[in-house]
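The chain contents come next:
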Amino acid sequence: MRFDVVTLFPEMFEAARLGVTGKALDTGKASLKLWNPRDYTDDTHRTVDDRPYGGGPGMVMMVEPLKAALQEAKAAAPGSRVIYLTPQGQRFDQMAAREMAARDGMILLAGRYEGIDERLVDCCVDEEWSIGDYVLSGGELAAMVIMDAVTRLLPGVLGHEDSAQQDSYMNGLLDFPQYTRPDALEGREVPDVLLSGNHAAIGKWRLKQALGRTWLRRPDLLEQRELSEEEQRLLEEFIRTHQG
Ligand SMILES: NC(=O)c1ccc(N[C@@H]2CC[C@@H](O)C2)nc1
């Protein structure tokens, strides 16, 4: 997976070199190259933004430096589509992460200020994506969210292969509760089943908890998900005990 990012703040992406994403970069499962539009200016002030036509607050990123940076990135990553991070984009979710993880790479365009000149979107952007209905001061954090969600799905990146599969949203349910040592803490105990070593019972308990939590917190997710006979029974059991 090749990530190319067009950004005025390449230093922000040092964060991607930590943790699971850092390991993916170190082992070559992913690569990251940063392209700064400021390096593609030709004036002494290295100008990348200007005032908006039609007036209004703030500044807009100019086409030429962005286009020049994008063209270099495209030459270096010919098969990669250009993704612009923006609240106007389609909503990113786990399904989109799975689809993107199958690609060879992507070029992520992170804007700043009030946004980018629309003619850059028209000429050079293939897809617009949003990580949620809120405004950020730049597209960089949205780009890193997508990079993280995609990288952890790449084969061999997560220590335990099926832990990505177990993740909430991978099977359309929220995650079951997790516990680790000590087994008793200020009178709060770890559920006995988890200490039993009975893996069938543990699996059933976890599925029941995932179903129950989804029912309690995100009933909308349940509506979109077919339940098997066993899942339906486990959920009904959860609801009965939940209602006391
Ligand atoms: N919700 C999101 O994914 C998102 C993406 C980008 C963003 N802000 C940038 C700054 C200027 C313009 O390029 C857009 N805010 C929110």
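Counting from 1, residues in each chain are numbered in the order their sequence is written. Predicted model: local features are reported for residues with pLDDT of at least 70 only, side-chain atom pairs are reported and counted for 80 or more only, and whole-chain, interface and lining totals are derived from all residues. Excluded from the side-chain calculation are hydrogens and water; included are all heavy atoms of the structure.

Draft legend 1. Structural context of the side chain of Glu-127. Numbering of helices and strands starts at the N terminus; helices are DSSP runs of H or I of at least 4 residues and strands are runs of E of at least 2. Looking at the element boundaries, Glu-127 is found in strand β7 (residues 127–130). Exposure categories follow from relative accessible area, calculated using a 1.4 Å probe and restricted to protein chains: below 20% of the type maximum is buried, above 50% is exposed, and the middle band is partly exposed. Using a relative accessible area of 10% as the deciding quantity, one classes Glu-127 as buried. One polar contact links Glu-127 to Arg-81, side chain to side chain, over a distance of 2.5 Å. Contact definition: two residues touch when any of their heavy atoms are within 4.5 Å. Setting aside residues no more than four positions away along its own chain, Glu-127 makes contact with Arg-81, Val-82, Ile-83, Tyr-84 and Arg-103. A 3.5 Å cut-off defines polar contacts: any pair of N or O atoms within that distance qualifies, except that in protein one atom must be a possible hydrogen donor and the other a possible acceptor, and neighbouring residues in sequence count only when both atoms are side-chain atoms.

Draft legend 2. Representation of the sheet that holds strand β5 (residues 81–91) in the model. Criterion used throughout: strands pair if DSSP finds at least two bridges between them. Pairing is parallel across the open sheet formed by five strands, whose spatial order is β2-β1-β6-β5-β7. The open sheet terminates on both sides in strands that have one partner only, identified here as β2 (31–35) and β7. Looking at each pair of strands side by side, their axes are set apart by 35° on average, direction ignored. Of the pairings in the sheet, the one linking β5 to β7 comprises five bridges and is parallel in character. The partner of Tyr-84 across the bridge, within β7, is Glu-128. Helix axes use the C-alpha atoms of the stretch in contact, all axes being lines fitted to C-alpha atoms, and the angles between their N-to-C directions lie in the range 0 to 180 degrees.

Draft legend 3. How the structure looks around the nonpolar core. Phe-3, Phe-92, Met-106, Leu-108, Ile-146 and Val-150 are the most contacted members of the largest nonpolar core, which totals 30 residues. Those elements that provide at least two residues to this core are β1 (2–6), α1 (19–26), β5, α3 (94–101), β6 (105–109) and α5 (140–151). The dominant element in this core, judged by the number of residues it contributes, is α5, at seven residues. Buried Ala, Val, Leu, Ile, Met, Phe, Trp, Tyr and Cys residues form a nonpolar core when they are joined through side-chain atoms within 4.5 Å. By size, the runner-up hydrophobic cluster in this structure holds 19 residues, among which are Val-48, Met-61, Leu-70 and Val-121.

Draft legend 4. Molecular detail of the UniProt feature "binding site: S-adenosyl-L-methionine" (unreviewed entry) in the protein chain. UniProt positions are given in the numbering used here, feature names are shortened, and annotations may be inferred rather than shown by experiment. Taken from the UniProt record, the annotation "binding site: S-adenosyl-L-methionine" (unreviewed entry) applies to Gly-111, Ile-131, Gly-132, Asp-133, Tyr-134, Val-135 and Leu-136. Mapped onto the elements, Gly-111 comes out in the loop between β6 and α4 (118–124). Those residues within four positions of Gly-111 in sequence are excluded, and the remaining contacts are Met-61, Tyr-84, Ile-116, Ser-137, Gly-138, Gly-139 and Glu-140. Relative to the helices and strands, Tyr-134 resides in the loop between β7 and α5. At a separation of 3.2 Å, a polar atom in the side chain of Tyr-134 contacts the main-chain carbonyl oxygen of Ile-131.

Draft legend 5. Here's a closer look at the packing of helix α8 (residues 199–217) against helix α10 (residues 229–242). Their axes nearest at 9 Å, the elements α8 and α10 cross at an angle of 65°. When the axis of α8 is compared with that of α10, the two are roughly perpendicular. As for the relative orientation of α8 and α10, their crossing is right-handed in sense. In contact with Lys-204, Leu-207, Lys-208, Gln-209, Leu-211, Gly-212, Arg-213, Trp-215 and Leu-216 of α8, α10 contributes Glu-230, Glu-231, Arg-233, Leu-234, Leu-235, Glu-237, Phe-238, Ile-239 and His-242. Per-class residue counts for the contact of α8 with α10 are eight nonpolar, three polar and seven charged. Oblique is the label for every angle not falling under 35 degrees (roughly parallel), over 145 degrees (roughly antiparallel), or within 65 to 115 degrees (roughly perpendicular). A clockwise turn of the near helix away from the far one marks a right-handed crossing, whereas an anticlockwise turn of less than a right angle marks a left-handed crossing. Throughout this entry, Asp, Glu, Lys and Arg are counted as charged residues, while Ala, Val, Leu, Ile, Met, Phe, Trp, Tyr, Cys and Pro are counted as nonpolar. The remaining residues, Gly among them, count as polar.

Draft legend 6. Focus on a nonpolar patch on the surface. Patch definition: residues with relative accessible area over 30% and no salt bridge; like charges joined within 9 Å; nonpolar side chains (Val, Leu, Ile, Met, Phe, Trp, Tyr) joined within 5 Å. The accessible surface values rely on the Shrake-Rupley method and a 1.4 Å probe; as for residues, cover is taken only from the protein chains in view. Should a side-chain nitrogen of Lys or Arg be within 4 Å of a carboxyl oxygen of Asp or Glu, the pair is scored as a salt bridge. Where nonpolar side chains cluster on the molecular surface, the patch consists of Tyr-134, Leu-136 and Leu-141 and spans about 280 Å² of accessible area. Within the secondary structure, Leu-136 is located in the loop between β7 and α5.

Draft legend 7. Quick look at the packing of aromatic side chains. Only the six-membered ring of Trp is used, alongside the rings of Phe and Tyr, when aromatic pairs are assigned; centres must lie within 6.5 Å, and planes under 30 degrees apart are stacked while those over 60 apart are edge-to-face, with the rest tilted. Scanning the entire structure with this criterion turns up two aromatic pairs. Their ring planes at 85° and their centres at 6.3 Å tell us that Phe-92 and Trp-129 sit as a pair that is edge-to-face. With Phe-92 in the loop between β5 and α3 and Trp-129 in strand β7, this residue pair connects regions lying 37 residues apart in the sequence. An angle of 75° between the planes, with centres 6.3 Å apart, marks the rings of Trp-215 and Phe-238 as edge-to-face. One end of the pair, Trp-215, is in helix α8; the other, Phe-238, is in helix α10, and 23 residues separate them in sequence. Accessibility expressed as a relative area gives 26% for Trp-215, which makes it partly exposed. Judged by relative accessible area, Phe-238 falls into the buried class, the value being 10%. Note on criteria: charge over ring means Lys NZ or Arg CZ within 6 Å of the ring centre, with the direction from the centre no more than 35 degrees off the ring normal. The aromatic ring of Trp-35 is capped on one face by Lys-33, whose charged end is 4.7 Å from the ring centroid.

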